[in-house]
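Next come the chains, spelled out residue by residue.
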Amino acid sequence: MDWVEKFVAGTDDLDSPKIFRRWAAISVVAGALGRRVWTSIRGARKVYPNLYVLLVAEPGAGKSEALDRAHAVVRKLENIYLAPDKMYKERLIQLLSQSMKMDPVHGPSCTMYAILSEFGAFLPAGDIDYMTVLARMYDCPDSFDYSLVGKDRKGEGDLCQFVCLNILGGVTPVWFSGGFTVESIEQGLPSRMLLVYSDKKSDEKMFDDVLPSNDADLVAGLRKINELQGPCLFDLD
């Protein structure tokens, strides 16, 4: 059984749809790998395993349960830099720039993982500039320079090098009416989001005798994933 399936099986005590728990686990694996693992397409172009995943459902459908368990496992690993629940785009870029770590094999990288129970609080509805920044970061650029130029600022900014941003969030369907406007759809961020929807309603009783699972095995397995590095090759045969 791989780590994703172990997470799904180990979270059966949660009142959350299996599809939410599975995609939360896939996102966690992506966050643990960062830029240290990649594959290649179209020659030498590297493709990293970062993902923008949104769990979509009505309130009370189990989004937060899956997100909270994913967060509880990830925060046990000191190597993964978790983002705040809410911040302006300038703060995101600043924190990403400050997250730079030097890997003895692969060099520097600015890597961050955002697990957001309320994605709408993270991304203001209709903020095209913020969406443009997130869309650019999805491509894991080797360099992202965001300059702040205004009346009292002269070219101040932050430089993010070798970027890798992962996002796992929860959102309700009604958010999309204002969150992703027609202009934002043309801009490109929505096409980079993996939308995972469930209309499954809870049928669990409020109190039962199921004990919460022990996350120790999940944390140990994630540590091993976090240590992986190098190219991922495919056998065409």
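Residues numbered from 1 in each chain as written. Predicted model: local features only at pLDDT ≥ 70, side-chain atom pairs only at ≥ 80, totals over all residues. Heavy atoms only, no water.

J.: Got a sec to walk through the overall build of the chain? Specific residues and values, please.
T.: Summing up its helical and strand segments, the chain has 10 helices and 10 strands in all. Of all 237 residues assigned to the chain, the portion counted as buried reaches 45%. Considering only contacts in the chain between residues 6 or more positions apart, those separated by 24 or more positions represent 73%. Surface accessibility of the chain: about 12900 Å² in total, with carbon and sulfur atoms responsible for 53%. (Helix = DSSP H or I, 4+ residues; strand = E, 2+ residues; numbered from the N terminus. Buried < 20%, exposed > 50% of the residue type's maximum accessible area, 1.4 Å probe, protein only. Contact = heavy atoms within 4.5 Å. Areas by Shrake-Rupley, 256 points an atom, 1.4 Å probe, with all protein chains shown as cover.)

J.: Any details on the side chain of Thr11? Residues and values, ideally.
T.: Along the polypeptide, Thr11 turns up in the loop between helix H1 (3-10) and helix H2 (18-33). A distance of 2.8 Å separates a polar side-chain atom of Thr11 from the backbone oxygen of Phe7. Each residue touching Thr11, except ones within four places of it in the same chain, is listed here: Arg21 and Arg69. (Polar contact = N/O pair within 3.5 Å; in protein donor to acceptor, adjacent residues only side chain to side chain.)

J.: Explain the pattern of salt bridges to me, and be specific about the residues and the numbers.
T.: This model, assessed by the stated rule, comprises 9 salt bridges. A salt bridge links Asp215 to Arg69, with the shortest nitrogen-to-oxygen separation between them at 3.8 Å. Within this pair, whereas Asp215 is found in the loop between strand E9 (193-197) and helix H10 (216-226), its partner Arg69 is found in helix H3 (residues 63-74), the two being separated by 146 residues in sequence. Note on accessibility: Asp215 and Arg69 belong to one class, buried. Where Arg223 meets Glu78, a salt bridge forms, and the shortest distance between an N and an O atom there is 3.3 Å. Highlighted residues: Arg223 in helix H10 and Glu78 in the loop between H3 and helix H4 (89-98), separated in sequence by 145 residues. A network of salt bridges, in which partner residues are shared, links Asp13, Arg69 and Asp215. (Salt bridge = Lys/Arg side-chain N within 4 Å of Asp/Glu carboxyl O.)

J.: Explain the sheet that holds strand E2 (residues 45-47) residue by residue, including any values.
T.: Strand order in the open sheet formed by 3 strands is E2-E1-E10, with mixed pairing between adjacent strands. Of all strands in the sheet, those with a lone pairing partner are E2 and strand E10 (230-231), marking the two edges. As judged from the 2 bridges shared by strand E1 (residues 37-41) and E10, these two strands associate in the parallel manner. Among the inter-strand pairings, Trp38 is bridged to a residue of E10, identified as Pro231. (Pairing = 2+ DSSP bridges.)

J.: Could you give me a rundown of the nonpolar core, with the residues and numbers involved?
T.: One finds Phe119, Phe122, Leu123, Leu134, Met137, Ile167 and Leu189 to be the most contacted residues of the largest nonpolar core, which totals 34 residues. Mapped by element, the contributors of at least two residues to this core are strand E3 (52-56), H4, strand E5 (107-116), helix H5 (119-122), helix H6 (128-138), strand E6 (143-150) and strand E8 (163-171). For this core, the leading source of residues is H6, giving 6 residues. Core analysis: the second largest hydrophobic core is formed by 32 residues, Ala30, Ala57, Ala70 and Tyr113 among them. (Core = buried A, V, L, I, M, F, W, Y, C linked by side-chain atoms within 4.5 Å.)

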